[in-house]
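Here is what each chain is made of, one letter per residue.
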Amino acid sequence: MMSKRRIDWAIYAAFIVLIMLVPLIMDSFWLNRLAKYLVFGMLGIAVALSWGYAGILNLGQGLFFGAGAYMLAMSLKLASSTSLQQGSDKPVPDFMLWNAEPGAKTELCCINKASFLWLPFQSQWFGVAMGLILPVAIAFVLGSIVFRKRIAGVFVSIITLALVLLVRLVMIDAQPVTNGFNGLTDLGWFKLGGFEFDPYVVPTYYLIAVSLSVVLIAARLLVETRAGVILQAIRDDQNRARYLGFDVPAYQTFFFAVSALIAGFAGMLYVIVSEFASPTFMDLSFSITMVVWAAVGGRASILGACIGAILINMISATVSETEGFAEAWKAIIGLIFVLVVLYMPRGIAGLAHDLIDRFITRRPSTPAPAVRVNDPSSQPAE
Amino acid sequence: MAQAALTIDGLSVDFEGFKAVNGVSMIVEDGELRVLLGANGAGKTTLMDLISGKTKSTGGRVFVHDTEITNWEEHKIARAGIGRKFQIPSVFKELTVRRNLEVASCKNPGVFANLGFGFSAKAKIDEVLELIGLTEEAGQVAAYLSHGQTQWLELGLLITQDPKIILLDEPTAGMTQAETHKTSLIVNNLKGRHTIIVVEHDMAFVREIAERITVLHLGQVLAEGSVAEIENDPKVRAAYLGSKGIT
Ligand SMILES: Nc1ncnc2c1ncn2[C@@H]1O[C@H](COP(=O)(O)OP(=O)(O)OP(=O)(O)O)[C@@H](O)[C@H]1O
Ligand SMILES: [Mg+2]
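Just so you know, these numbers come straight off a predicted model, no measurement behind them.

*Asks:* I'd like a description of the coordination of the magnesium ion (ligand 2), backed by residues and values.
*Replies:* All names here are of chain B. Every protein donor of the magnesium ion (ligand 2) is listed here as Thr-45 (OG1) and Gln-87 (OE1), and their distances to the metal cover 1.9 to 2.7 Å. With Thr-45 in helix H1 (residues 44-52) and Gln-87 in the loop between strand E6 (82-85) and helix H3 (97-105), the pair connects residues that are 42 residues apart, well separated along the chain. A relative accessible area of 26% places Thr-45 in the partly exposed class. By relative accessible area, Gln-87 is classed as partly exposed at 33%.

Structural data, given as structure tokens:
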């Protein structure tokens with residue numbers, strides 16, 4: 001008999017093969033769209049890790065996504081031709097020149113009071129490094145404080161929610177260095193070796209698809225380690241774990257930071273395929289949307305949450321092309337979310353697991369235990 | 001004389017003026033099974049909270065062998081060798097019975113030490129499953145267990161954790177007579193291998209397991225002695241159950 005775990009991995013493999021084959025049938029416009037949805041799939045993984053496995057409902061995941069996005073976007077902005085057109089041989093973002101005080105020196109060091117912050121971003125790899133380090137650092141500091149203080153459940157959600165809104169305001173307010181509401185646009189292309197990643201070419205799609213595959217497998221392996229199992233135990237009963245001798249906040253902080261790392265990485269990839277970074281990444285509605293993707297796909301399944309994100313976005317894109325249906329679609333998504341939370345707490349992945357159970361045991365699977373809305377309900381590592 | 005496993009010296013806690021535990025001292029020897037008796041609100045659970053670090057004491061000291069653990073963080077006290085069962089059974093509900101025990105078997109407290117795969121205590125876990133009678137349920141998710149089975153699983157977590165000292169807060173609460181009896185068999189099996197402190201109201205159960213009893217009353221130690229001594233102690237009779245004595 002094939003074990004459930006084997007079947008699980010077979011499904012992961014099938015998913016990866018599928019996304020690798022897509023370029024054979026899609027034109028470049030759709031390929032670019034799909035690349036964006038794969039990035040959202042990566043966000044689904046980040047949410048599943050923190051919500052499904054750690055029991056931490058982060059309503060500010062957009063903060064980490066935004067941090068990753070802005071860090072790389074700063075580098076790509078300096079690499080853009082729009083930063084070199086102003087008669088200077090050293091790059092200065094165009095929006096800084098438009099807003100410069102009369103007589104200010106038109107160099108990155110001192111065109112305005114904070115523009116020197118941009119200096120190291122002339123190196124693309126500095127942007128990449130910061131795009132990974134900054135989300136992890138924020139998550140580490142935030143997690144260390146919140147989890148050491150034993151703040152849990154809805155209070156963590158409120159804190160993360162407040163934080164993403166705060167940072168969004170600051171970003172908009174810091175117009176001279178962030179270009180405020182408009183965000184960073186007209187970016188250059190990401191370069192690797194001599195290759196430039198034009199968002200509409202097939203190699204760019206593969207950059208995203210391979211990245212997603214790696215994150216998917218790594219996340220799945222991570223939750224299967226002893227630490228991953230202990231994390232799930234902590235999710236189920238923090239105190240019990242504590243009195244068995246586990247340093248609970250260390251586990252929560254670690255996985256919170258890993259989730260932030262994945263979200264930050266997704267933010268960078270999104271900048272590569274969309275060629276902009278904007279404060280909308282830190283809109284509350286975006287962070288909540290990520291939670292909906294994971295809930296529908298199955299928050300307690302790494303692949304489920306990933307597929308949930310991709311599917312919802314593909315359906316949205318198709319539907320919103322139908323005249324007059326776009327607004328209704330938002331309501332439908334909301335309705336689906338409520339129904340899933342109430343009646344299908346394990347999402348699409350839960351449904352799939354039940355089907356597999358039935359298939360391999362040839363008898364009805366045991367019903368899922370009654371679950372509370374705030375609790376992850378399935379145990380996919382089994 | 002046997003060595004002291006747990007030494008409590010003048011332990012107190014003050015909840016804004018109310019002393020739930022007030023200068024309790026006791027010495028529990030290595031391998032001893034001590035029963036804590038006392039009426040509702042006598043401070044039994046609070047005493048366990050103080051020993052295990054759940055509540056910070058406002059006076060007095062606690063030692064495990066020669067190590068002072070007063071007011072350490074809970075997980076450090078656990079690592080120093082104190083395991084605890086709660087009054088309300090708590091297990092990892094979404095994990096299977098075996099997974100529950102695997103988690104308890106893990107000897108490394110930190111995250112990074114646990115980034116590898118697989119728990120290496122299969123033989124020990126099979127043995128514990130046998131002892132708590134959950135071998136058949138090993139693959140089941142803990143949420144499906146009955147109340148009694150959940151209590152046993154929590155006992156199993158403690159046995160797997162293998163601490164020197166085990167604190168059990170009302171391990172038979174809510175159990176049928178048959179279940180209570182089975183629990184006494186499990187506890188008796190642990191005797192000698194661990195130092196055990198049990199809070200219990202059920203006198204039938206106490207007689208099945210007890211050696212020495214400490215009676216708490218209004219946060220203080222009222223009496224200490226064998227089952228017979230305690231049952232015949234007039235102070236205990238007066239304080240504990242009116243004039244009827246312990247039944
Ligand atoms: N955190 C707290 N703050 C204030 N009072 C408390 C606190 N914890 C316990 N108490 C009080 O301390 C007293 C002792 O409570 P404790 O739970 O230790 O009793 P117990 O002996 O375990 O009783 P039972 O047999 O009902 O379990 C009670 O009067 C209780 O109300
Ligand atoms: Mg009590």
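*Asks:* Give a detailed account of the domain arrangement of chain B, specifying residues and quantitative values.
*Replies:* Residue and element names in this part refer to chain B. When the domains of chain B are assigned, the result is domain 1 (1-81 + 166-176 + 194-247) and domain 2 (87-162). A separation of 26 Å is found between the C-alpha centroids of domain 1 and domain 2. Between domain 1 and domain 2, the contact holds 13 residues from the first and 13 residues from the second. Area buried by domain 1 at its contact with domain 2 is led by Arg-79, Met-175 and His-194, which between them contribute 44% of it. Joining domain 1 to domain 2, the criterion identifies zero salt bridges. Contributions of two or more residues to the side of domain 1 that touches domain 2 are made by helix H2 (74-79) and strand E7 (165-169). Looking at the side of domain 1 that touches domain 2 residue by residue, the class counts come to seven nonpolar, three polar and three charged.

*Asks:* Please give an account of the sheet that holds strand E1 (residues 4-15) of chain B that cites residues and values.
*Replies:* Residue and element names in this part refer to chain B. Reading across from one edge, E2-E1-E4-E5 is the order of the four strands in this open sheet, with antiparallel pairing throughout. Taken across any chain shown, the strands that pair with only one partner, and hence form the sheet edges, are strand E2 (18-29) and strand E5 (67-68). Summarising the sheet, strand E4 (residues 59-64) and E5 pair through two bridges and their orientation is antiparallel. Paired with Val-64 across the bridge in E5 is Thr-67. Along the sheet, H1 contacts E1, E2 and E4; its crossing angle with E1, the most-contacted strand, is approximately 115°.

*Asks:* So what's going on with the interface of chain A and chain B? Which residues, and what values?
*Replies:* The partner chain B presents 41 residues to the 38 residues of chain A that form the contact. Inspection of the chain A/chain B interface yields two salt bridges. Inspection of the chain A/chain B interface yields 16 residue pairs in polar contact (both at pLDDT 80 or more). At the level of elements, helix H8 (202-224), helix H9 (226-236), helix H10 (238-243) and helix H11 (248-274) of chain A are the ones that each hand at least two residues to the side of chain A that touches chain B. Ranked by the residues each element gives to the side of chain A that touches chain B, the list is headed by H9 of chain A, at eight residues. Partitioning the side of chain A that touches chain B into residue classes produces 19 nonpolar, seven polar and twelve charged.

*Asks:* Give a description of the confidence of the model for chain B that names residues and reports values.
*Replies:* As a note on interpretation, predicted positions should not be read in detail where pLDDT is low. All names here are of chain B. Mean pLDDT over chain B stands at 91; residues scoring 70 or higher make up 96%. Predicted confidence in chain B is weakest over helix H9 (residues 234-240), with a mean pLDDT of 79, and strongest over H3, with 97. If you check the scores for this complex, the pTM reads 0.92 and the ipTM reads 0.92.

*Asks:* Please set out the pattern of salt bridges residue by residue, giving values where relevant.
*Replies:* Under the definition given, this model contains 23 salt bridges over all chains. Of the charged contacts in the structure, one is a salt bridge between Glu-224 of chain A and Arg-220 of chain A, with a shortest N-O distance of 2.8 Å. In this pair, Glu-224 of chain A and Arg-220 of chain A are both assigned in helix H8, four residues apart and thus about one turn of the helix distant. With respect to burial, Glu-224 of chain A and Arg-220 of chain A carry one shared label: buried. Glu-224 of chain B is the partner of Arg-212 of chain B in a salt bridge, and the nearest nitrogen-oxygen pair spans 3.6 Å. Residue Arg-212 of chain B is located in strand E9 (residues 212-217), and its partner Glu-224 of chain B is located in strand E10 (residues 220-226); the two are separated by twelve residues in the primary sequence. Classification of Arg-212 of chain B as partly exposed rests on a relative accessible area of 35%. Beyond isolated ion pairs, a larger network of salt bridges with shared partners links Arg-5, Asp-8, Arg-220 and Glu-224 of chain A.

*Asks:* Lay out the sheet that holds E6 of chain B in plain terms, naming residues and giving numbers.
*Replies:* All names here are of chain B. Across the sheet, six strands lie side by side as E6-E7-E8-E3-E9-E10; this open sheet has mixed pairing. The two strands at the open ends of the sheet, each matched to only one other strand, are E6 and E10. Between one strand and the next, the sheet's axes are offset by a mean angle of 20°, whatever the strand orientation. The pairing of E6 with E7 spans four bridges and is classified as parallel. Bridge pairing in E7 places Ile-82 opposite Ile-165. Against the sheet, H1 engages strand E3 (33-37), E6, E7, strand E8 (195-199) and E9, with an angle of about 150° to E7. Relative to E6, helix H5 (residues 147-161) is tilted by about 175°, and along the sheet it contacts E6 and E7.

*Asks:* Provide a residue-level description of the site of ligand 1, including the pertinent values.
*Replies:* Residues and elements named next belong to chain B. Taken together, the neighbourhood of ligand 1 is formed by 14 residues, with Asn-40, Gly-41, Lys-44, Thr-45 and Thr-46 sitting nearest. At 2.9 Å from an oxygen atom of ligand 1 is found a side-chain nitrogen or oxygen belonging to Asn-40. For ligand 1, the protein covers 60% of the area, taking 640 Å² as the surface of the free molecule. Contributions of two or more residues to the shell around ligand 1 are made by E2 and H1. Residue contributions to the shell around ligand 1 peak at three residues, all from H1.

*Asks:* Quick rundown of the state of the cysteines? Include the residues and the values.
*Replies:* All names here are of chain A. Applying the stated criterion to the full structure yields one disulfide over all chains. Residue pairing for Cys-109: its cysteine sulfur links by disulfide to Cys-110, the two sulfurs lying 2.3 Å apart. By relative accessible area, which is 33% here, Cys-110 ends up partly exposed.

*Asks:* Before we move on, can you summarise the pairing of E2 of chain B with the specific residues and values?
*Replies:* Residue and element names in this part refer to chain B. Inspection of the sheet shows E1 paired to E2 by eight bridges, in the antiparallel sense. Pairing of Thr-7 across the sheet is with Ile-27, part of E2. If you look at the hairpin formed by E1 and E2, you'll find two residues sitting between the two strands, and Glu-16 has a positive phi there, around 45°.

*Asks:* Could you give me a rundown of the packing of H3 of chain B against H5 of chain B, with the residues and numbers involved?
*Replies:* Residues and elements named next belong to chain B. Between H3 and H5, the shortest axis-to-axis distance is 8 Å and the interhelical angle comes to 35°. Judged by the sense of rotation from one axis to the other, the crossing of H3 with H5 is right-handed. Where H3 abuts H5, its residues Val-97, Asn-100, Leu-101, Ala-104 and Ser-105 lie against Leu-153, Gly-156, Leu-157, Thr-160 and Gln-161. The class makeup of the residues in the contact of H3 with H5 is five nonpolar, five polar and no charged.

Reading guide: rules and limits
Residues numbered from 1 in each chain as written. Chains lettered and ligands numbered in written order. Predicted model: local features only at pLDDT ≥ 70, side-chain atom pairs only at ≥ 80, totals over all residues. Heavy atoms only, no water. Donors = N, O, S within 2.8 Å, 3.2 Å for Na, K, Ca; no water. Helix = DSSP H or I, 4+ residues; strand = E, 2+ residues; numbered from the N terminus. Buried < 20%, exposed > 50% of the residue type's maximum accessible area, 1.4 Å probe, protein only. Domains from an automatic or database assignment. Contact = heavy atoms within 4.5 Å. Buried area = accessible area lost by both parts, 1.4 Å probe. Salt bridge = Lys/Arg side-chain N within 4 Å of Asp/Glu carboxyl O. Nonpolar A, V, L, I, M, F, W, Y, C, P; charged D, E, K, R; others polar. Pairing = 2+ DSSP bridges. Axes fitted to C-alpha atoms, helices over the stretch in contact; angles between N-to-C directions. Polar contact = N/O pair within 3.5 Å; in protein donor to acceptor, adjacent residues only side chain to side chain. pLDDT = per-residue confidence, 0-100. Near = heavy atom within 4 Å. Areas by Shrake-Rupley, 256 points an atom, 1.4 Å probe, with all protein chains shown as cover. Disulfide = S-S within 2.5 Å. Left-handed = near helix turned anticlockwise from the far one by under 90°.

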